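One letter stands for each residue in the lines below.
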Amino acid sequence: MDAGVTQSGTGSGRAVPARTTSAHGTGWVLRSAGAADIEVIAELRATVMRADLERLGRYDEHRVRQRLRDTFSPQHTSIIVIDRELAGCVTVRPTEGRQWLEHFYLAPHRQGRGLGSAVLRTVLERTDAQGMTVGLNVLQGSAARRLYERHGFVVEAQDPIDVFMTRPPGAIASTPAKP
C-alpha cells in the first residue's frame, strides 16, 4: 500500500484518502478535492478530452465543461498534485455494487511519463482491498483504453461513442510489450 496516508476516509464510502504520497513513483500526492476545484477540473477536462471528442464529432465548448459540473463529487474526487501544481484528478464513486472510475484526467504535459499508471495502481490497490469491481467508460479510439487494459480492465459493452470496461478485484495487470 502507499506510504504517507494521513486519513483513510474509507468508513465514509470514500475510495481515495485525503492525502496520499505515492509508493509507485516519486513526487506526486493525492489530496481531497473541494468545491473550489470544480472550475479548474472542468477546464482540465475540456483540454484533455478535446481531441477525442472532436474526432468523434462530439466536442461542444460548453457541454464538455458542464458535464463535469453536473457530476462533480468532491467527496469522491482526488486532486493529483506535483510540486504544488494540479497535475490531474480522479474520481472513484461507489455505485450499483461497484466502484465507478471517472474524471481521470492528467494535464497534457504530465501524460506519457507513467503518472497515470502510478495513480491507477494506487486507486486499484484500494478497490482490491475492498473487494470491489471497478467500472469505467472511455471514448472509442482513446489512447486511455490501452492504459486501462494494461491494468486488467476488459470490455463489457460498447457503442459508437463509448467503451464500457470492468475490472474485478485482484485482476492481474499486464506488462506492456517492449518494442
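Just above sits the structure.
Residue numbering note: each chain is counted from 1, following its sequence as written. Local features in this predicted model are restricted to residues whose pLDDT is 70 or higher, and side-chain atom pairs enter the listing and the counts only when it is 80 or higher, whereas totals over whole chains, interfaces and linings include all residues. As a rule here, side-chain values cover all heavy atoms of the structure and leave hydrogens and water aside.

On to the pairing of strand β7 (residues 154–158), then. For two strands to be treated as a pair, DSSP must find no fewer than two bridges joining them. Think of it this way: any DSSP run of H or I at least four residues long counts as a helix, any run of E at least two long counts as a strand, and we number them from the N terminus. In terms of strand pairing, β7 meets strand β8 (residues 162–167) through four bridges, oriented antiparallel. By the bridge assignment for β8, Val 154 is matched with Thr 166. What sits between the antiparallel neighbours β7 and β8 is a turn of three residues.

With that settled, consider the pattern of salt bridges. For side chains bearing opposite charge, pairing can occur when the charged atoms are close. The salt bridge criterion pairs a side-chain nitrogen of Lys or Arg with a carboxyl oxygen of Asp or Glu, the two atoms within 4 Å. For the coordinates displayed, the defined rule picks out twelve salt bridges. Where Arg 93 meets Glu 102, a salt bridge forms, and the shortest distance between an N and an O atom there is 2.4 Å. Each residue gets one of three labels from its accessible area relative to the maximum for its type: buried under 20%, exposed over 50%, partly exposed in between, using a 1.4 Å probe on protein chains only. When its relative accessible area of 22% is taken as the criterion, Arg 93 is described as partly exposed. For Glu 102, a relative accessible area of 16% corresponds to the buried category. Note that Arg 167 and Asp 128 form a salt bridge whose closest N and O atoms lie 2.7 Å from each other. Of the two residues, Arg 167 is situated in strand β8 and Asp 128 in helix α3 (residues 115–129); the sequence distance between them amounts to 39 residues.

The next thing to look at is the packing of aromatic side chains. Two rings from Phe, Tyr or Trp (for Trp, the six-membered ring) form a pair when their centres are within 6.5 Å of each other. A pair whose planes differ by under 30 degrees is stacked, one over 60 is edge-to-face, and the rest are tilted. By the definition in use, this model includes one aromatic pair. Plain terms: the ring middles of Tyr 148 and Phe 153 are 5.7 Å apart, the flat faces sit at 70° to each other, and that makes the pair edge-to-face. Judged on exposure class, the residue Tyr 148 and its partner Phe 153 are both buried.

In this section: the side chain of Ser 117. Secondary-structure assignment places Ser 117 in helix α3. We call two N or O atoms a polar contact when they sit within 3.5 Å, provided that within protein one can donate a hydrogen and the other can accept it, with sequence-adjacent residues counted only if both atoms are side-chain atoms. Here the side chain of Ser 117 touches His 151 through a polar contact of 3.3 Å, side chain to side chain. By the convention used here, residues are in contact when the closest approach between their heavy atoms is within 4.5 Å. The residues contacting Ser 117, other than those within four sequence positions of it, are Leu 147, Arg 150 and His 151.

A regular strand places its side chains on the two faces of the sheet in alternate fashion. The buried fraction of β8 is high, at five of six residues. Bridge count between strand β6 (residues 134–139) and β8: six bridges; the pairing is antiparallel. Pairing of Leu 139 across the sheet is with Asp 162, part of β8.

Cavities and pockets are defined on a 1 Å grid built over the protein atoms alone: a cavity is a set of grid points where a 1.4 Å probe fits but cannot escape, while a pocket is an open set with protein on both sides within 12 Å along at least five of seven lines, and lining residues are those with an atom within 4 Å of any such point. Grid points are joined across faces, edges and corners, and a volume is the space filled by probe spheres set on the points. Looking at the largest pocket, its volume works out to about 1,200 Å³. Taken together, 41 residues form the lining of the largest pocket, with Met 49, Phe 104, Tyr 105, Val 138 and Ala 144 sitting closest to its centre. Put simply, the parts of the chain that give the lining of the largest pocket at least two residues each are α1 (38–55), α2 (63–71), β5 (98–106), α3, β6 and α4 (144–150). In terms of residue count, the dominant contributor to the lining of the largest pocket is β5 (seven residues). Residues that form the lining of the largest pocket fall into these classes: 19 nonpolar, ten polar and twelve charged. Gly counts as polar in this scheme, as do all residues outside two lists: the nonpolar Ala, Val, Leu, Ile, Met, Phe, Trp, Tyr, Cys and Pro, and the charged Asp, Glu, Lys and Arg.

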